Amino acid sequence: MKKCIVIGAGILGASTAYRLARLGAEVTVVDRQDAGQATQAAAGIICPWVSQRRNQDWYRLAKAGAKYYPELIRELEAEGETQTGYARVGALAIHDDLDKLDKLEERARQRQADAPEMGVLSRLEPAAVQARFPLLNDGYEALVISGAVRVDGRELRDALLRSAARHGARVVHGDAVVLWEAERATGVRIGEVAYDADEVIVCAGAWAAPLLEPLGIRLEVGYQKAQIVHLLVQTGEDTGNWPVVMPPSTQYVLAFDGGRIVLGTTHENDPDGYDTRVTAGGMHEVLDKGLCVAGALRDATLLEVRVGFRPFTPGFLPVVGRVPGWQGLLVANGLGSSGLTTGPWIGTQLAKMALGIEPDMAMETYEVGQAITLI
């Protein structure tokens, strides 16, 4: 039985640990529980098929991630997990410019043949749009993507960790230091306790670079601060079944059970360290853009603002796999704003790599070496 240590218990680390445990490895997950973990703040939309990103390598990952979700959720539910944070509620891509909405639909239909999990595409007139999501302003038409999914990052992560534990994984909270000898990772130390391993797998997101520096490895990873606003509305309706809303901007509007509405998000590229403060400017940006499409939210109660740090690597493309020149050391990072879309699938591939199993897709494009320099 191979001993594996996974550093980081966000959606990526939890997914990796879960798959390793199911495949029979002896798994230890180490997490420092830093404030600002991306998964802790995340509320995600799984709908990559209408993205305007032109990077086909990114789209391959995102499409694979979206396709994988139903299989993963079936697995978790078969193990007794009822709170996965997953709901296939569909999406409304809204616009008041019909030409742009036509182009969005055209792009989606071109991708549909290769992504049947997208579901059915249809168009809604403004009155029907408001009927589906009553808080929206007048005047928006929408493209409906029936296969789109809403995910609560915290709930899915917790379900993965619980299921990993059923298969023998253990979770240790603390500050991990990677142990190594002659370009081979041998385990980690947490305080005064050493844990040995055949494979050390670093899924530490925005905090990964300092973890690898003592090994003479510089991981080129930065991070982007996100502030996400949670509101409460009294509608008398079952908001948990409302579709996710994708406005023309980079913002989104999600509805959860009990009248909880989530508005996101800022994209702050130059944060001052790991600054988890909620700022006036961040709240203003999110609320201003949110109210521009859903003015009825002016009367909503402010519940909380969550802050997370999305990691990104050069080229804004994830890197996955073994660290060149090293044995027993794997890294995945740079998932950025698509972490909830791609994280579970990438974690599965990372687990397979650690155990010498062929990944489900050629991964050379995402080699870790392109984001690493030796110090």
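A brief structural summary. (Residues numbered from 1 in each chain as written. Predicted model: local features only at pLDDT ≥ 70, side-chain atom pairs only at ≥ 80, totals over all residues. Heavy atoms only, no water.)

1. A word on the pairing of strand β3 (residues 43-46)
Turning to step 1, where the next piece is worked out: Side-chain alternation along β3 places A43 and I45 on one buried face and G44 and I46 on a second face that is also buried.
Turning to step 2, where the next piece is worked out: Looking at chain direction, β3 and strand β8 (residues 149-152) are connected through four bridges and run antiparallel. Across the sheet, the residue bridging to A43 is D152, located in β8. (Buried < 20%, exposed > 50% of the residue type's maximum accessible area, 1.4 Å probe, protein only. Helix = DSSP H or I, 4+ residues; strand = E, 2+ residues; numbered from the N terminus. Pairing = 2+ DSSP bridges.)

2. Re helix α3 (residues 56-78)
Counting along an α-helix, one turn takes 3.6 residues, and residues three or four places apart therefore face a common direction.
Turning to step 1, where the next piece is worked out: Between the first and last C-alpha of α3 there are 34 Å, a value that for 23 residues agrees with the 33 Å anticipated at 1.5 Å per step.
Turning to step 2, where the next piece is worked out: The largest bend along α3 reaches roughly 35° and is located at Y69, with the proline P70 sitting one to four residues downstream.
Turning to step 3, where the next piece is worked out: For α3, the N-terminal cap is N55; the gap from its side-chain oxygen to the backbone nitrogen of D57 is 2.9 Å.
Turning to step 4, where the next piece is worked out: A positive backbone phi angle near 100° is found at G80, which sits one or two residues after α3. (Expected span 1.5 Å × (residues − 1). Bend = angle between axes of the 7 residues up to and from the residue. Polar contact = N/O pair within 3.5 Å; in protein donor to acceptor, adjacent residues only side chain to side chain.)

3. Thoughts on unusual backbone geometry
Turning to step 1, where the next piece is worked out: Cis geometry marks the peptide bond from G264 to T265; its omega dihedral reads -5°.
Turning to step 2, where the next piece is worked out: A positive phi angle, close to 50°, is found at A182, a residue other than glycine.
Turning to step 3, where the next piece is worked out: Secondary-structure assignment places A182 in the loop between β10 (176-180) and β11 (185-190).

4. Here we look at the sheet that holds β11
Turning to step 1, where the next piece is worked out: The sheet built from three strands is open, its strands ordered β10-β11-β12 with antiparallel pairing. If you trace the sheet from one side to the other, it starts and ends with β10 and β12 (193-196), each paired once. Taken over all neighbouring pairs, the strand axes of this sheet differ in orientation by 30° on average, direction set aside.
Turning to step 2, where the next piece is worked out: Pairing analysis gives four bridges linking β11 to β12, with the strands arranged antiparallel. The residue bridging V188 from the neighbouring strand is Y195, located in β12. (Axes fitted to C-alpha atoms, helices over the stretch in contact; angles between N-to-C directions.)

5. Considerations on the pattern of salt bridges
Turning to step 1, where the next piece is worked out: By the definition in use, this model includes 21 salt bridges.
Turning to step 2, where the next piece is worked out: Its salt-bridge partner being R22, residue E79 comes within 2.5 Å of it at the nearest N-O pair. A residue pair is termed long-range when its members are at least 10 positions apart, and E79 in the loop between α3 and β4 (86-87) and R22 in helix α1 (residues 11-22) qualify at 57 residues.
Turning to step 3, where the next piece is worked out: Residue classification places E79 among the buried residues on the basis of a relative accessible area of 18%.
Turning to step 4, where the next piece is worked out: The partner of E304 in a salt bridge is R260, with the nearest N and O atoms 3.1 Å apart. Here R260 lies in strand β18 (residues 260-264) and E304 lies in strand β19 (residues 301-312), a separation of 44 residues in the sequence.
Turning to step 5, where the next piece is worked out: On the accessibility criterion, E304 (27% relative accessible area) is partly exposed.
Turning to step 6, where the next piece is worked out: Assessed through its relative accessible area of 26%, R260 is described here as partly exposed.
Turning to step 7, where the next piece is worked out: What emerges from the salt-bridge pattern is a single network uniting D102, E105, R109, R123 and E141. (Salt bridge = Lys/Arg side-chain N within 4 Å of Asp/Glu carboxyl O.)

Read these as spatial facts, not as claims about activity.
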